[in-house]
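# Chain and residue survey
Chain by chain, the residues run as shown.
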Amino acid sequence: MTVGTMLAQRAEHANLGAQADRVMQVLAQMPQFASYASGREVAERAGVNVSTVVRTAQQLDFDGWSDLRQALRTEYLNSLVTTSPDHPGSKDAATQMLRQDAANLASVSTDANITAIKNIADAMIEARRIVVITSGSGTGPAHILSYLASIYGFDIHVAAGPATSQAIPVSHLDERDCLIVVNVWRLTRALRGLTRQARKRGATIAVLTDLHSSPLNTYADHVVITPIEGINPTPSLTAMVAVVQSILAQLESSDARSSAKDIEKAWEQLDLMDDQP
């Protein structure tokens, strides 16, 4: 039995509300995280309060969150050692990680996220300039977005260094510009302060985060919630990168993008590529 199956069976006769459904979604989509997280951490991920997490556990016939967490942990650990005829090597970390990433990709494709992705692309098209701020492992998706969007002809810059340096491009933003914030796992005070500053300056704010209840969301015009569940405490960036690629696909298909042929021509003139004949 999987964690999702166990939760579905428990929920069959429970009258769960909208907030409880959000808790259930987090538990089903992030079983490794839920197996060891505190009630407060689950509440932050689901965008609810701690009492909602406790009530949800009780509605599923558990004494409280600790009791539910133990059941989740048991099912999760059992799932790691379960093999099937189609996947005889399912105990190895590589297979587990690929399956987890597949689940993350499936869960990120919600109607709300797809709408937000399209809106972010539209905001980038309308913007005079685009600044991307991030920290830690969010630097990877941020640089992918910036590099490829710049090839499409957009004026985009990543500010991922110290906060003193990040503050410079943010302080130049106004209502004609767009700020994209990429936040993975923990939120730094600097990232929150810079986002607040850009909001005050009138820039359009887009946030890519894994937290439903991220403080950044209060400043944002558009938010994409991206699962980062891995098979160990290290977050997986696969779904976050997929969101970035979706934004880029929208940009590439727009009439506003510039042709990449000029850039390719410049590369050829500079003799940068060591292509084989």
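Up top is the structure these notes are about.
For the structure given in this document, a descriptive report is provided here. The structure displayed is predicted, hence computed values, not measured ones.

Turning next to a nonpolar patch on the surface. A surface patch of nonpolar side chains, about 320 Å² in accessible area, is lined by Leu270, Leu272 and Met273. Along the chain, Leu272 falls in the segment after α13 (261-269).

In this section: the sheet that holds strand β5 (residues 222-225). Spatially, the 5 strands line up as an open sheet ordered β2-β1-β3-β4-β5, and their pairing is parallel. Of all strands in the sheet, those bounded by a partner on one side alone are β2 (156-159) and β5. With strand direction ignored, the average angle separating the axes of adjacent strands in the sheet is 15 degrees. Looking at chain direction, strand β1 (residues 130-134) and β2 are connected through 4 bridges and run parallel. Residue pairing for β2: Ile130 is matched across the bridge by Ile156. Against the sheet, helix α9 (residues 139-151) engages β1, β2 and β3 (178-183), with an angle of about 160 degrees to β2. Docked against the sheet, helix α10 (residues 163-171) engages β1, β2 and β3, running at close to 155 degrees with respect to β1.

Turning our eyes to something else, we now look at the packing of aromatic side chains. Applying the stated criterion to the full structure yields 1 aromatic pair. Taking 6.2 Å as the distance between ring centres and 90 degrees as the angle between the ring planes, the aromatic pair formed by Phe33 and Trp185 counts as edge-to-face. Here Phe33 is found in helix α3 (residues 31-36), whereas its partner Trp185 is found in the loop between β3 and α11 (189-200), with 152 residues between them in sequence. In this structure Phe33 comes out as buried when scored by relative accessible area, which is 9%. Against the face of Phe62 rests Arg10, its NZ or CZ located 4.0 Å from the ring centre. The ring of Phe33 has Arg45 sitting right over it, with the charged end atom 5.0 Å from the ring centre.

Where helix α1 (residues 3-11) meets helix α2 (residues 18-29), the closest approach of the two axes is 8 Å, and the angle between their N-to-C directions is 150 degrees. With respect to each other, α1 and α2 are oriented roughly antiparallel. Judged by the twist between their axes, the crossing of α1 over α2 is right-handed. In contact with Val3, Leu7 and Ala11 of α1, α2 contributes Met24, Leu27 and Ala28. The residue makeup of the contact of α1 with α2, split by class, is 6 nonpolar, no polar and no charged.

Turning our eyes to something else, we now look at the packing of helix α8 (residues 111-126) against helix α12 (residues 238-252). In contact at an axis separation of 9 Å, α8 and α12 are set at 55 degrees when each is read in the N-to-C sense. Judged by the angle between their axes, α8 and α12 are oblique. For the pair α8 and α12, the sense of crossing is right-handed. In this structure, α8 contributes Ile117, Lys118, Ile120, Ala121, Met124 and Ile125 to the contact, and α12 contributes Val243, Ser246, Ile247, Gln250 and Leu251.

Take a negative patch on the surface next. On the surface, a cluster of negative charge is contributed by Glu264, Glu268, Asp271, Asp274 and Asp275. Looking at where Asp275 falls in the secondary structure, it is placed in the segment after α13. Given the relative accessible area of 62%, Asp275 is considered exposed.

If you trace the backbone, Asn15 turns up in the loop between α1 and α2. Its relative accessible area of 70% is what places Asn15 among the exposed residues. Counting along the chain gives 61 residues from Asn15 to Tyr76, while the straight-line C-alpha distance between them is 25 Å.

Calculation criteria
- Within every chain, residues take consecutive numbers counted from 1 along the sequence as written.
- In keeping with the predicted nature of the model, local features appear solely for residues at pLDDT of at least 70, side-chain atom pairs appear and are counted solely at 80 or more, and the whole-chain, interface and lining totals rest on all residues.
- As a rule here, side-chain values cover all heavy atoms of the structure and leave hydrogens and water aside.
- Residues forming no salt bridge and having over 30% relative accessible area are the ones grouped into patches, like charges within 9 Å of each other and nonpolar side chains (Val, Leu, Ile, Met, Phe, Trp, Tyr) within 5 Å.
- Residue-level accessible areas treat just the shown protein chains as cover; the underlying method is Shrake-Rupley with a 1.4 Å probe.
- One speaks of a salt bridge when a side-chain nitrogen belonging to Lys or Arg is within 4 Å of a carboxyl oxygen belonging to Asp or Glu.
- Only DSSP runs of H or I covering at least 4 residues are called helices, and only runs of E covering at least 2 are called strands; the numbering of each starts at the N terminus.
- The pairing criterion is simple: DSSP has to find at least two bridges between the two strands.
- In this analysis an axis means a line fitted to C-alpha atoms, helices contributing only their contacting stretch, and an angle means the value between N-to-C directions, from 0 to 180 degrees.
- Any pair of residues with heavy atoms lying within 4.5 Å of one another is described as a contacting pair.
- Aromatic rings from Phe, Tyr and Trp, with only the six-membered ring used for Trp, were paired whenever their centres fell within 6.5 Å, and each pair was classed as stacked if the ring planes differed by under 30 degrees, edge-to-face if by over 60, and tilted otherwise.
- Buried, partly exposed and exposed residues are distinguished by accessible area as a fraction of the type maximum, computed with a 1.4 Å probe on protein chains only: under 20%, between the cut-offs, and over 50%, respectively.
- Charge over a ring is defined by NZ of Lys or CZ of Arg lying within 6 Å of the ring centre and within 35 degrees of the ring normal.
- What sets the label is the angle itself: under 35 degrees gives roughly parallel, over 145 gives roughly antiparallel, 65 to 115 gives roughly perpendicular, and the rest give oblique.
- Crossing handedness follows the turn of the near helix against the far one: under a right angle anticlockwise gives a left-handed crossing, and clockwise gives a right-handed one.
- Polarity classes work like this: nonpolar for Ala, Val, Leu, Ile, Met, Phe, Trp, Tyr, Cys and Pro, charged for Asp, Glu, Lys and Arg, and polar for all others, with Gly in that last group.
- Working convention for charge: Lys and Arg count positive, Asp and Glu count negative, and His plus the chain ends are omitted.
- Lys charges are placed at NZ, Arg charges at CZ, Asp charges at CG and Glu charges at CD.

The values are spatial; any link to function lies outside them.
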